[in-house]
Amino acid sequence: MKPTSGPVPLCDIQAQYRALKDGIDAAVLRVLASGQAILGPEVAAFEQETAAFCGARFGVGCGSGTDALVLALHALGIGPGDEVIVPPFTFFATASAVCRVGAKPVFADIDPVTFNIDPSQIEARITPATRAIVPVHLFGQCCDMDAVWDIAEQNRLHVIEDAAQSFGSEYKGKRCGTLGAVACLSFYPTKNLGALGDAGLVTTDDPAIDKKLRALRVHGSEVKYYHKFIGYNMRLDAVHAAVLRVKLPHVANWLNGREAAAQRYDSLIEGANLHGFMRRPTTRPERRHTFNQYVVRVPAHHRDALVKHMKDSGVGVEVYYPLSLHQQECFKFLGYRTGDFPTSEHAAGEVLALPMFPEITEQQQTRVVEVIGTYLRQSVRRAA
Ligand SMILES: *Cc1c(COP(=O)(O)O)cnc(C)c1O
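Attention here is on the structure that accompanies the text. (Residues numbered from 1 in each chain as written. Predicted model: local features only at pLDDT ≥ 70, side-chain atom pairs only at ≥ 80, totals over all residues. Heavy atoms only, no water.)

### Side note on the sheet that holds strand β3 (residues 104-107)
What holds strands together in a sheet is hydrogen bonding between their backbones, with the strands either parallel or antiparallel.
Item 1. Pairing is mixed across the open sheet formed by seven strands, whose spatial order is β1-β9-β8-β5-β4-β2-β3. Strands with a single pairing partner mark the edges of an open sheet, and in this sheet they are β1 (58-62) and β3. Adjacent strand axes in the sheet meet at a mean angle of 25° when their direction is disregarded.
Item 2. Contacts from helix α4 (residues 65-75) reach β1, β2 (83-86), β5 (158-162), β8 (182-186) and β9 (200-204), with the element oriented near 165° to β8. (Pairing = 2+ DSSP bridges. Helix = DSSP H or I, 4+ residues; strand = E, 2+ residues; numbered from the N terminus. Axes fitted to C-alpha atoms, helices over the stretch in contact; angles between N-to-C directions. Contact = heavy atoms within 4.5 Å.)

The structure is reproduced here in structure tokens:
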């Protein structure tokens, strides 16, 4: 396959708009004509359809994946004095949401193969204050949930899924969103299902939690202007729900597109004999990896130079994530040091994400791999 000669974006969010323009335009106009900008029937329908997609009983729409995490923690009664176990190698919001409800994030290191929380690291972090574990299904692959559940059950802890990057991913035949007491989804535009802007959802099978989430997102009121508890303004806008409803029936196809693209990268990298230099993603058994990101590892001393070379060559690339959360300035007060989570720190030095979206073509992927090959040949020549 001949490579494309043009630039290759990291993610092409406009591709879905181009494909579904008529439906999306009509959905936006329908909301404009309705005069119902926030919550309302569009949001209610979206909540039902999305919960059904996941296999969950209830869905509660909210403003973002970050809102979903705060709502979920709060709805489970987690607050000041409580500790919540989270991985240090994840998007910032997983840990910041714990702080937002007044609780303390406690990190447990990751599995070097999947980048997900390593269940064998959890138990040593449990104290009498621990209330919950937040497994993050990073990049589109589910955590080792059997092991997480065992630990949670033995220690009477809640399990809150951070499924922001894994809409449609499966563990033992069950979709994310049904693998914990509650699950937090994000519809940020680059996620597996992306809104026009910020949007999120919490799923649960528990009617009492559903009721609490619904109250919390509107300032803690079940009856307008009567406040049972102190909640938030974390509502979902109708325009996002309407657009997401147009996209939802296409998600299954898009996930197939991501999987096919990941397989093409696997073979293109091997075909270019780069698989010794670049470690490809590994999918553990009994999982469906949906590749929200295709993340490889390269030797740390090559990583930043390769990123620069790719950018200079017009190929999108990103580092998720360059700094482990326990080393972030804002979390200094937690008292961690460099060296506390070696697997997470090591990953932060080696990872990079290649362009990935359902519509990516073989020509574009061939170009990505060609550019990486050029980098490696140049650096070998320089070293000689
Ligand atoms: C995107 C993301 C979030 C936050 O979602 P937003 O919609 O951006 O607020 C939380 N956790 C993870 C792992 C994410 O990737």
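### Describing the packing of aromatic side chains
Item 1. On inspection of all chains with the given rule, the structure shows 17 aromatic pairs.
Item 2. Ring centres of F167 and F187 lie 6.0 Å apart, and the angle between their planes is 80°; this geometry places the pair in the edge-to-face category. In this pair, F167 sits in the loop between β5 and β6 (170-171) while F187 sits in the loop between β8 and β9, placing the two residues 20 residues apart along the sequence.
Item 3. A relative accessible area of 3% means that F167 is categorised as buried.
Item 4. We classify F187 as buried; its relative accessible area is 0%.
Item 5. Here the aromatic cluster, defined as three or more aromatic residues joined through ring pairs, consists of F89, F91, F115, F139, Y320 and Y321.
Item 6. In this structure, R175 packs its charged tip against the face of F53, placed 4.0 Å from the ring centre.
Item 7. Stacked on the ring of F229, the Lys or Arg K212 has its end atom at 4.6 Å from the ring centre. (Phe/Tyr/Trp six-rings, centres within 6.5 Å; stacked < 30°, edge-to-face > 60°. Buried < 20%, exposed > 50% of the residue type's maximum accessible area, 1.4 Å probe, protein only. Lys NZ or Arg CZ within 6 Å of the ring centre and 35° of its normal.)

### Points about the site of the ligand
Item 1. For the ligand, the set of nearby residues contains 14 residues, the closest of which are G65, T66, Q165, S186 and K191.
Item 2. Interatomic distance of 2.7 Å between a side-chain N/O atom of Q165 and an oxygen atom of the ligand.
Item 3. For the ligand, the accessible surface in isolation is 380 Å², of which the surrounding protein chains cover 93%.
Item 4. Listing elements by their share of the shell around the ligand, those giving two or more residues are α4 and α5 (93-100).
Item 5. Looking at which element gives the most residues to the shell around the ligand, the answer is α4, with three residues.
Item 6. Classifying every residue of the shell around the ligand by side-chain character gives five nonpolar, seven polar and two charged. (Near = heavy atom within 4 Å. Polar contact = N/O pair within 3.5 Å; in protein donor to acceptor, adjacent residues only side chain to side chain. Areas by Shrake-Rupley, 256 points an atom, 1.4 Å probe, with all protein chains shown as cover. Nonpolar A, V, L, I, M, F, W, Y, C, P; charged D, E, K, R; others polar.)

### Focus: the nonpolar core
Item 1. In terms of nonpolar packing, the biggest core is built from 46 residues, with I122, F167, F187 and V251 touching the most fellow members.
Item 2. The set of elements that each furnish at least two residues to this core consists of α2 (21-34), α3 (41-54), α6 (145-154), α8 (238-247) and α9 (251-271).
Item 3. Looking at this core element by element, the count peaks at six residues for α8.
Item 4. Counting contributing residues per domain, this core is built from domain 1 (14-108 + 116-248) and domain 2 (250-383), each supplying no fewer than three.
Item 5. Sequence-distant contacts of I122, defined by excluding residues within four places in its chain, comprise I85, A108, I117, I133, V148 and I151.
Item 6. Counting 43 residues, the second largest nonpolar core, distinct from the first, contains L138, L274, F277 and V315. (Core = buried A, V, L, I, M, F, W, Y, C linked by side-chain atoms within 4.5 Å. Domains from an automatic or database assignment.)

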